[in-house]
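As a plain string of letters, each chain reads:
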Amino acid sequence: NEQLSIASAVNTVQPKQVDAKTSPILAYIIKNKPKGVLSQDEKNIYIGSDKEVTSFDKTTEKSKTIIKNDSDWSSLGGMGTYLTNVYLLDKNEGVYKFVATGSGYLKTSYFAAGVSPDLSSSLSMTIDTSVWILMNDATILKFTRGKPDSFTVNGLDEPLSQPLLIFTNTDTDNLYVLDRGNSRIAVLNKNGDYQSQYKANILKDAIDFDIVESSKKIFILSKGKVYEIGIK
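Residues numbered from 1 in each chain as written. Predicted model: local features only at pLDDT ≥ 70, side-chain atom pairs only at ≥ 80, totals over all residues. Heavy atoms only, no water.

(A) Structural context of the sheet that holds strand S19 (residues 206-212). The antiparallel open sheet is built from four strands, whose spatial order is S2-S21-S20-S19. Each edge of the sheet is formed by a strand with only one pairing partner; in this case those strands are strand S2 (16-18) and S19. In this sheet, adjacent strand axes meet at a mean angle of 35° when their direction is disregarded. (Pairing = 2+ DSSP bridges. Helix = DSSP H or I, 4+ residues; strand = E, 2+ residues; numbered from the N terminus. Axes fitted to C-alpha atoms, helices over the stretch in contact; angles between N-to-C directions.)

In structure tokens:
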């Protein structure tokens, strides 16, 4: 029964190519080819590089530097935003929380005292009320209020292989993992239980994706083009 349940949730799909503008963040990547890590909220796209963090207004298409790197980080492995704060994953040092103030951003350590996980092989970070980190060995680490939180992936018919990105936010019910080794996007609930998966050949070459759960759509950037998959 368990295997039948898993098989019923496997969706082999035929993505359709769409205008890049349907996903502002993917359109931004195509046009600007940014080097670094990216995140977004409803209003802005955020780009973290070795030198700075900039914000790009989706409406006005204007960019501005919001945080300069004054030896604050050395090797970015991910970025996320929550409320007005910016979180940066430094593979060498940990996760930093930059708290918005009236005059800029105040750097603090996200992790609680005594918490210092090895993030040297981290691939991607995403944030809702917890911090989720995808590792090169396909494990997913969860931290809540700066402390390790229990999380185990259950029910995948095939283990993650060459995963690249993980995504969720406070408005999203599930976790989404771009799993290029299996040419799929794997969907887990926030307890780690398998929900569904979407398989398509273009996913083996995908470099980014954008989830809009409210519209039941997944946008994929693969070989310079944007494709759409419907969420069932």
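(B) Region of the structure containing the nonpolar core. With 19 residues, the main nonpolar core has Tyr176, Ile185, Leu203, Phe209, Ile218 and Ile220 as its most contacted residues. For this core, the elements supplying multiple residues, two or more each, are strand S15 (163-167), strand S16 (174-179), strand S17 (184-189), S19, strand S20 (217-222) and strand S21 (225-230). Examining the composition of this core, we find that three residues originate from one element, S19, more than from any other. Beyond its immediate chain neighbours, meaning those up to four positions away, leucine 203 contacts Leu178, Arg180, Ser183, Arg184, Ile185, Tyr198 and Ile220. (Core = buried A, V, L, I, M, F, W, Y, C linked by side-chain atoms within 4.5 Å. Buried < 20%, exposed > 50% of the residue type's maximum accessible area, 1.4 Å probe, protein only. Contact = heavy atoms within 4.5 Å.)

(C) Here's a closer look at the sheet that holds S15. Strand order in the open sheet formed by five strands is S1-S18-S17-S16-S15, and the pairing between neighbours is mixed. Each edge of the open sheet is held by one strand with a lone partner, namely strand S1 (10-12) and S15. The sheet shows a mean angle of 15° between the axes of neighbouring strands, direction not considered. As judged from the five bridges shared by S17 and strand S18 (residues 194-199), these two strands associate in the antiparallel manner.

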